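What the coordinates show
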Amino acid sequence: MNSKTIVIGVIGADVHAVGNKIIDYALTQAGFKVVNIGVLSTQEDFINAAIETNADAIFVSSLYGHGELDCQGLREKCDEAGLENIILYVGGNIVVGKQDFKEVEERFKKLGFNRAYAPGVKIETGIEDIKLDLNIDK
Amino acid sequence: MNSKTIVIGVIGADVHAVGNKIIDYALTQAGFKVVNIGVLSTQEDFINAAIETNADAIFVSSLYGHGELDCQGLREKCDEAGLENIILYVGGNIVVGKQDFKEVEERFKKLGFNRAYAPGVKIETGIEDIKLDLNIDK
Amino acid sequence: MELENKKLTMDEFLKTREEVLKTWSTGEQVADLEKNIEYARSIPKSKNFALKLKKAKHNQITLTQPRAGVALVENHIGLLRYLSEEGEADLLPTTIDSYTRLNRYENCELGLEESRRNGRSMLNGFPVVNHGVFGARKVQENLDKPVQARHGTPDARLMSEIIHAAGWTSNEGGGISYNIPYSKDAPLDKTIKDWQYCDRLAAIYEENGVPINREPFGPLTGTLVPPSMSNAVAIIEALLAAEQGVKHITVGYGQCGNQLQDIAAIKALEQLTEYSLEKFGYKNRIITTVFHQWMGGFPKDEAKAYAAISNASVTAALARVTKVIVKTPHEAFGIPTKEANANGLKCTKMVLNLMADQKSYMSKKLKEQLNIIKEETECILDAVFDAGKGDMANGVVEAFKRGILDIPFAPSKHNANKILPARDAYGAVRYLDSGNVPLTKELKSYNRYMLEKRAIVQKRPVDFQMTVDDIFAISEGRLVGKPDFSKR
Amino acid sequence: MELENKKLTMDEFLKTREEVLKTWSTGEQVADLEKNIEYARSIPKSKNFALKLKKAKHNQITLTQPRAGVALVENHIGLLRYLSEEGEADLLPTTIDSYTRLNRYENCELGLEESRRNGRSMLNGFPVVNHGVFGARKVQENLDKPVQARHGTPDARLMSEIIHAAGWTSNEGGGISYNIPYSKDAPLDKTIKDWQYCDRLAAIYEENGVPINREPFGPLTGTLVPPSMSNAVAIIEALLAAEQGVKHITVGYGQCGNQLQDIAAIKALEQLTEYSLEKFGYKNRIITTVFHQWMGGFPKDEAKAYAAISNASVTAALARVTKVIVKTPHEAFGIPTKEANANGLKCTKMVLNLMADQKSYMSKKLKEQLNIIKEETECILDAVFDAGKGDMANGVVEAFKRGILDIPFAPSKHNANKILPARDAYGAVRYLDSGNVPLTKELKSYNRYMLEKRAIVQKRPVDFQMTVDDIFAISEGRLVGKPDFSKR
Ligand code: B12
Ligand code: B12
C-alpha cells in the first residue's frame, strides 16, 4: 500500500468493461487504493468519487469513440469542485478511428489532461508515470 | 483458322512456362497458327521463328523481372531482319516489383512494342486486341 | 414487474405500443402498423434478410457482413454501397450509435447537428430513431442487399418499430445479450420484457407475410466467455423469441480461438438450439448460425490483424456457418475507414471462397469437445429452467441472481461476476472457477484438469493471472497467454 | 554420361572439383576445402540452419522463412536484417538471381555494374558466385540467423562450394527439382550428377563437424502438381542426397489448396521419406518438412493476398510442418518491397502463433486421403526404381523418358507432358489424365471418379478446360475453377 488513491472509470455512454477491470486489478496489485466507478460514468460521477475519497488522481477510460466529446470540460469542473491539483489521465481508444496519436495527445493536453495514452497501451506504463507524477519511489 | 500466324515465347533467362502454355492453347482455340518457341528464348529465337513462319505478330512474355533488360533492342533487330511491320506485344510481370503500370506501358511503347500488358491480364484481352490490329473480324 | 415466457396478446402488445411510440417524436410516423407492414411487404424478396440466410443455409454457403454506421443518411448509404460493391459484402448492417442505444435521443440530435456542421460523423453509429422511418427507408431503398440493425440496446422497442417499418428485415439483440454486456444497471426483467415486445413485433410482420430474422448477440462481452455459457444464452434467447412467434433465428458465437473448440461450439449451438426448440414445441423454425471473428483485443499491426481475420474465416468455413461478422485491420485503433472495412471483407470472402468446397470432418477429439460443450450447456439450461420454476423468462432473472448464468467481464451489476475463464494448454477456453454455474462434478474436474495441464507446461499456478494474461494474448500475437503478457 | 546412385569417391569428387572451381574467377578463393570447412566450423551454432530445424522439429514449432535477394552485398544484408527484425523471420534466405542460375556470370557482372550505377537492384536476386566467398561471408557474418541459398540452378556446384565455404549451412535444390521446372534442355543425367556433387560436398562438411541442411525443391512448377508426383520427386531426391551422406534433409511440399489433402500430403511425405530412407539403409537422418504457401498465380488485391497467405499458414500449423516459405501481398505483381515482404512474414507468424498449440486430428477422411497419396507415391517410386534396374539415379532418367515421372506445366523438353491435373469438387488435385504414370487401376478410377463428381456439380465434361480454369482459380478468388474463369 502506498496510500495514494486513484479514481478509475469509463466515461460517457461507454460500456467497455474489460480494460476497466484489468486496470482495477493492476493498480491494486501496484499498491494503490482504487476507487472504481465502473462503466457508463459521467464527469460528475468521477468528481464526486474523487472528492469523497480525497483522491490523488483520476484515470479516465474511453473506448467507444466519443471520448473527445465526453471529456470536454472535465478539468474545468474539477477546478470548480476544488480539485485544482488532481492529476488527470485518459486512455483507451480515445478518439474515433485511426488517427495520428501525437495530435490526439495535444488535443487532450489542451483539454487539461496531464497525460493521454494511445490505443492498447499497457496499464503498467500508466503506473510508472503516476508513480513519477506522485513522487512515489519504486 | 484465320490464317494469321503468331510467334509466342518467354524471353531471356525466364522459365515461367504456365502462362506460355495457356497462351498457346488460347490462341490456337481462337483460330491462330501458333509458333511456340517456349521459355528461355533469345531475341534471335523470336526473330528467326518469325522469319521462318512469315509471322504476323510476336507475343513476348516476361515474368521473372528482367523483362526490361531482355526486351531492349528487339524492335531494332526486327527492323534489321526485315520484319518492319511485325506487331510486337509484351505481357506478364514485365518489370521488377509493383510499379505504376501507365509508366511501364510508356517505357515499353518507347522500346517499340505496339502494346504492353499489366500483370495477370487475361490472354483474351490480347486476342481481342490482335484481332483489331490485324483486322480480323469477330 | 410481472414476467412470463408467454406470447404477448395483441392487446398487451398494442397497449405497450402506444407508450413506446411516444418516447420520441419520430414514433408517430410509424403509428399505423398495417401500413408499416404493407410497406415492408413491398420490398423485393432479394432484400429480405431472413430469406437470404435461409437460402445460404440451404446452399451451404457462408455469407459476409461488416459492421458500419455513420451519423448522416446520405453518408451512411454511401458507406454501405462501398462495402457492398468494393467489399463484396453479402449482408449489410446498420450499426447504431451509443446514444441511441441508451435512448438518449437528445444527445443524438446534438451529434447530428455537429456532424452536419463538421461534414463528418461525430457519432459512432447511425441514429436511426432520430432519422425516423423516412430516413431509414431511404437506406434500404438505396441498397440492393438486405439491411440489419446491429446495436446493443437494452430497450430497442421504438427502434425496432422504425426499422421494420422501413423494410429492414433483421434485428440483432435480446433481453440478456443486449443487457448484461451493454449496461450497468438495466433490470433484467425489464429488458426481457422489452425484447419480448421486439420479438412479438417481428413475429407480427412474419405472420403478415414479411419474414423477419432475429439474431441474439452471441459473443456477449467477447472476452473469454466459455462456449457453453454463450451458447446457453443464445439458446434461451432463441426460445424466448420462438415463444413470441419468431420463425427465423440466427444463433451466434464469438470465436474463442481454438479451432477445434470453435467448430465444436458452433455444431453444439446449432444442434442444441434445434433440439431445444423442438423439445419446447416450437416447430418449423429456420435456424441459421453466425460466427463472429475474434471479438477481444486485436493486434495493432495490420498484417497481424489480417492474420486474425483470416484465421477466424478458416474456422467459419470449416464449421460451415451461415454468416460471418467481419473485423477490419483497423480494429485495435478505432472505427475503420471504409477502405479498411472493405479490406476486412475482401480478405474474409477470399478465405471463404478458398475453403468453400471444404469442411471439417469428425474426429475423436472433435466429438469429445462437442460432448463437453453440450453437457455443460445442458447443465446450465436445465438449472435456468428450474430456477424459473418452469418459466424460462423468470428463470433467467433468477439464474443471474444466483450466478447460474454468469458472464465474464460484464459491466452489469446484475451479473454475479463469480466465474473466471482461462485457456487450457491448447487455447480452448475453460472454467478456471465455475462460480455458481451448476456443472457436474465430472465437468468441473475436466475443466480443472485441462487447466492443470497448462499450468504444468507453463510452470505456473492455476490462478487469475492466467485469465489476465489470456486477455492480452491475441493482441500480443499468441493465443494462450504467457506469464509476462500483461506486463509488456 | 555414366550415372549411378553411389556415393562419389573422394577422388572423383576432387577431380570434378578442380574443373568446377575454374568455371568462374571466384572459384579459386575456395580452393582450400579444409580451410573452408574450418571457417564454417567457426560460425556459431545459433546460425546453423540444420540445427535450428532439428530443434524446431523437436519442439514442434513451425519456423518462417521469406524469399529475398538483391544484387549488392550491403543492400542484401540490409534487406535480410529488416526481414529478420521487422518481419520476425526465423530463417533467412538468399534468393539467387536468374543469370547465376544459368551460370551466366558475365551477365551478372553487367547487372552488378548497372545496379551500382542506378543505386538499386537490376538483378532479381543475389549473384553469389560473382560476389565470391568474401561477399557471401559478409552476409552471414552480419546476420544472427542461419542463411540458406534458394535458387533453381541446374548446375549449382560452384555456387554450393562458395556458400558453404561462407558458412551458409543450407542449400535448396536437387537434380530433378532444379532441372525440370527451371530448364528447357539441361540433360537429367548431368543435373543429377551435378547435384550428387552438391550433396557430397554438404556431406563432407557434415562429416567434418558442420551440419548442413539440404532441401529438395518441393513445389516444382507450383501449378496443380498432384501430391503423389511432387512427393515422389522429393523422396527420390532425399534418397539421392542420403546416398551421398547428407544427414539433414528437409522435404518440401507446395500447398495445393484443399486443407485435408494438404495435411495428408505432408504427413504422407514425412512418413514415406522416413520409411524409404530406412528401407534403403540410410540410418539416423534428420527429416524435417517445409510447406510452401500457394505457389501458383496469386490474387492481385492485397487483402485477398493476405487471405491466401493466412489460409496457407493455418494448414501449415495444423500439419505441424517444420518451416513455411512465405509469400507476400505483392506476389501477383513482382518482387516485393521489403515492407510487403515483412508483412507477409508477420501475417504468417501471427497465424502460426494463434495456432501454435493446435494441430489436426485424424478423421476417416484424412486417413483415406493419406492412404491414396501413399499408394500413388509408392506406385511411382517402385516404377522409377524398376526403370533404373535397381538404381534410383538411372531410374529417374528412364522414368522421365517413359513419363513415369511427369510434371505438369514444366518447361523441360525431357518432361513427357502427358499427365493432366485438375481439381475435384472439393478442390483436391487429381490426375485427370495420368499419362504413363503407373497408377493401379483402382487408383486411376478413384481419380476419375472424383473428377466425374465435379463434372456433375459443375455441369461440364471432364476435360482440359477444367485444368485451364483451375490455373486461374485462386487469382480469381476461388479454389475450384468455374467454367468461365479463363475467359475473364
Ligand atoms: C471487446 C470489445 C467490445 C465488447 C465490450 C464488452 C464489454 N462490455 O466490455 C462489445 C462487443 C460489447 C463492444 C461494443 C461496442 N464497441 Co467495442 N470493442 C471491443 C474490443 C474488440 C476490445 C476491447 C477490450 O476489451 N480490450 C482489452 C482491454 C484489456 O484493453 P483496453 O480496453 O484497450 O484497455 C487497456 C488499455 O487501453 C489501457 N487503458 C485503458 N484506459 C486507460 C486509461 C488510462 C489512464 C491508462 C493509463 C490506460 C488505459 O489499459 C487497459 C488495460 O491494459 C475493441 C477493439 C480492440 N481494442 O481490439 C472494440 C472497440 C473499443 N469498440 C468499438 C465500438 C465502436 C463499439 C460499439 C460502439 C459498436 C460496436 N462495434 O458494436 C459498441 C459500444 C457499446 C458502448 N456503448 O460502449 C470501437 C471504438 C471505436 C473508436 N474509438 O474509434 C473499437 C476500438 C473497435 C473498432 N475498431 O471499431 N465492444
Ligand atoms: C509459378 C511461379 C513460378 C514457378 C514457375 C514454374 C514454371 N516453370 O512455369 C517457379 C517456382 C519455378 C518460379 C520461379 C521463379 N520465379 Co516465379 N512465379 C510464379 C507465379 C507464382 C505464378 C506464375 C504463373 O504461372 N501464373 C499463371 C499464368 C497463367 O499467368 P501468367 O504467367 O501471368 O500469364 C498470363 C498473363 O500474364 C498473360 N500474359 C503473359 N504473357 C503475355 C504476353 C502477352 C503479349 C499478352 C497479351 C498476355 C500475356 O496471359 C497469361 C495467360 O493468362 C508468379 C507470381 C504470380 N503471378 O502470382 C511468380 C513470379 C512471376 N516469379 C517471380 C520470380 C522472381 C521468380 C524467380 C526469379 C525467383 C524465385 N522467386 O524463386 C524464379 C525465376 C526462375 C526463372 N529463371 O525464370 C516473380 C517475378 C518478379 C517481378 N517480375 O518483379 C513473380 C511475379 C513472383 C514475385 N512477386 O516475386 N516461379
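Residues numbered from 1 in each chain as written. Chains lettered and ligands numbered in written order. Predicted model: local features only at pLDDT ≥ 70, side-chain atom pairs only at ≥ 80, totals over all residues. Heavy atoms only, no water.

Side note on the relation of the copies chain D and chain C
- Expressed as a screw transformation, the operator carrying chain D onto chain C has a rotation angle of 180° and an axial translation of 0.0 Å, and the superposed copies differ by an RMSD of 0.0 Å. The symmetry that links the two subunits is that of a two-fold axis. When each C-alpha of chain D is compared by its distance to the rotation axis, S363(D) comes out closest, at 2.3 Å.
- Counting the interface residues of chain D, we find that 100% of their copies in chain C are interface residues as well, pointing to one common contact surface. (Least-squares fit on C-alpha atoms with pLDDT ≥ 70 in both. Contact = heavy atoms within 4.5 Å.)

Side note on the packing of helix α2 (residues 33-42) of chain C against helix α9 (residues 188-207) of chain C
Residue and element names in this part refer to chain C.
- Two elements in contact, α2 and α9, have axes whose closest approach is 10 Å; the angle formed by their N-to-C orientations is 60°. At the point where α2 passes α9, the crossing takes the right-handed sense. Residues L33, N36, I37 and A40 of α2 form the contact with α9, whose participating residues are L201, I204 and Y205.
- For the contact of α2 with α9, the per-class residue count stands at six nonpolar, one polar and no charged. (Axes fitted to C-alpha atoms, helices over the stretch in contact; angles between N-to-C directions. Helix = DSSP H or I, 4+ residues; strand = E, 2+ residues; numbered from the N terminus. Left-handed = near helix turned anticlockwise from the far one by under 90°. Nonpolar A, V, L, I, M, F, W, Y, C, P; charged D, E, K, R; others polar.)

What to know about the interface of chain C and chain A
- Chain C puts 33 residues into the contact, and the matching count from chain A is 25 residues.
- Per-residue buried area on chain C facing chain A is highest for Y99(C), K184(C) and F333(C); these three make up 22% of the total on that side.
- Counting across the interface, chain C meets chain A through two salt bridges.
- Between E476(C) and K122(A) there is a salt bridge whose closest N-O contact spans 2.7 Å.
- Scanning the region where chain C abuts chain A turns up 13 residue pairs in polar contact (both at pLDDT 80 or more). (Buried area = accessible area lost by both parts, 1.4 Å probe. Salt bridge = Lys/Arg side-chain N within 4 Å of Asp/Glu carboxyl O. Polar contact = N/O pair within 3.5 Å; in protein donor to acceptor, adjacent residues only side chain to side chain.)

Here we look at the coordination of the cobalt atom of ligand 2
- Of the protein atoms, H16(B) (NE2) alone serves as a donor to the cobalt atom of ligand 2, at 2.2 Å.
- Its location among the elements puts H16(B) in the loop between β1 (5-10) and α1 (18-29). (Donors = N, O, S within 2.8 Å, 3.2 Å for Na, K, Ca; no water.)

What to know about the interface of chain D and chain C
- Tallying the contact residues gives 39 residues for chain D and 39 residues for chain C.
- Buried area between chain D and chain C, both sides added, is near 3300 Å², and the carbon and sulfur share of it is 61%.
- Summed over the three residues of chain D that lose the most area to chain C, namely M350(D), L354(D) and Y361(D), the buried surface amounts to 19% of that side.
- One salt bridge connects E88(C) with K304(D), and the closest N-O pair in it is separated by 3.1 Å.
- Across the chain D-chain C interface, the total number found is 13 residue pairs in polar contact (both at pLDDT 80 or more).

A word on the sheet that holds β1(B)
Residues and elements named next belong to chain B.
- Strands sit in the order β2-β1-β3-β4-β5 across an open sheet of five strands; the sheet is parallel. Two strands in the sheet have a free side with no partner beyond their single neighbour: β2 (33-36) and β5 (115-116).
- In the sheet, strand β4 (residues 87-92) pairs with β5 via two bridges, with the strands oriented parallel. Following the sheet pairing, Y89 is matched in β5 by R115. (Pairing = 2+ DSSP bridges.)

Focus: the domain arrangement of chain C
All names here are of chain C.
- What the domain assignment lists for chain C is domain 1 (10-355) and domain 2 (418-488).
- Here domain 1 and domain 2 have C-alpha centroids that lie 31 Å from each other.
- If you look at the interface, domain 1 gives 15 residues, while domain 2 gives 16 residues.
- Taking both sides of the interface into account, the surface hidden between domain 1 and domain 2 amounts to around 1300 Å²; carbon and sulfur atoms contribute 68%.
- The interface formed by domain 1 and domain 2 contains zero salt bridges.
- Taken together, domain 1 and domain 2 are joined by four residue pairs in polar contact (both at pLDDT 80 or more). (Domains from an automatic or database assignment.)

Things to note about the pairing of strand β9 (residues 420-423) of chain D
- Where β9(D) meets strand β10 (residues 429-433) of chain D, four bridges bridge the pair, whose relative direction is antiparallel. By the bridge assignment, L420(D) is partnered in β10(D) with D433(D).

Here's the deal with the packing of helix α10 (residues 227-243) of chain D against helix α11 (residues 259-279) of chain D
Residues and elements named next belong to chain D.
- At their nearest, the axes of α10 and α11 sit 10 Å apart, and the two run at 30° to each other. When the axis of α10 is compared with that of α11, the two are roughly parallel. In this structure, α10 crosses over α11, and the sense of that crossing is right-handed. Contacts between α10 and α11 involve P227, N231, A234, I235, A238, L239 and A242 from the former and Q261, A265, A268, L269, L272, T273, S276 and L277 from the latter.
- For the contact of α10 with α11, a count of residues per class yields 11 nonpolar, four polar and no charged. (Parallel < 35°, antiparallel > 145°, perpendicular 65-115°, else oblique.)

Here we look at the site of ligand 1
- Inspection of the region around ligand 1 gives 49 residues, with H16(A), A17(A), S61(A), F298(C) and G334(C) positioned closest.
- Around ligand 1 the close residues trace back to chains A and C.
- A distance of 3.1 Å is found between a nitrogen atom of ligand 1 and a backbone nitrogen or oxygen belonging to N93(A).
- When residues of the shell around ligand 1 are traced back to their parent elements, those giving at least two are α1 (18-29), β3 (57-62), β4 (87-92) and α6 (123-133) of chain A together with α5 (98-101) and α17 (464-473) of chain C.
- A per-class count over the shell around ligand 1 returns 27 nonpolar, 17 polar and five charged. (Near = heavy atom within 4 Å.)

Quick notes on the pattern of salt bridges
- Under the definition given, this model contains 69 salt bridges over all chains.
- Salt-bridge contacts for R454(C) lead to D470(C); the nearest nitrogen and oxygen are separated by 2.8 Å. Of this pair, R454(C) sits in helix α16 (residues 441-458) while D470(C) sits in helix α17, placing them 16 residues apart in sequence. Here R454(C) and D470(C) have matching classes, each one buried.
- A salt bridge links K138(D) to E74(D); the shortest N-O distance between them is 4.0 Å. Within this pair, whereas K138(D) is found in helix α7 (residues 128-141), its partner E74(D) is found in helix α4 (residues 73-85), the two being separated by 64 residues in sequence.
- On the basis of relative accessible area, K138(D) is assigned to the partly exposed category, the value being 41%. (Buried < 20%, exposed > 50% of the residue type's maximum accessible area, 1.4 Å probe, protein only.)

With respect to the site of ligand 2
- In the neighbourhood of ligand 2, 50 residues make up the surrounding shell, with H16(B), A17(B), S61(B), F298(D) and G334(D) lying closest.
- For ligand 2, a nitrogen atom lies 3.3 Å from a polar atom in the backbone of G91(B).
- Interatomic distance of 3.5 Å between a backbone N/O atom of V121(B) and an oxygen atom of ligand 2.
- Of all the elements in the fold, those that place two or more residues in the shell around ligand 2 are α1, β3 (57-62), β4 and α6 (123-133) of chain B together with α5 (98-101) and α17 (464-473) of chain D.
- Looking at the shell around ligand 2, its residues break down into 28 nonpolar, 17 polar and five charged.

A short note on the environment of E28(D)
- In this structure, E28(D) sits in the loop between α1 (10-21) and α2 (33-42).
- For E28(D) and E18(D), which are 10 residues apart along the polypeptide, the C-alpha to C-alpha distance reads 9.4 Å.

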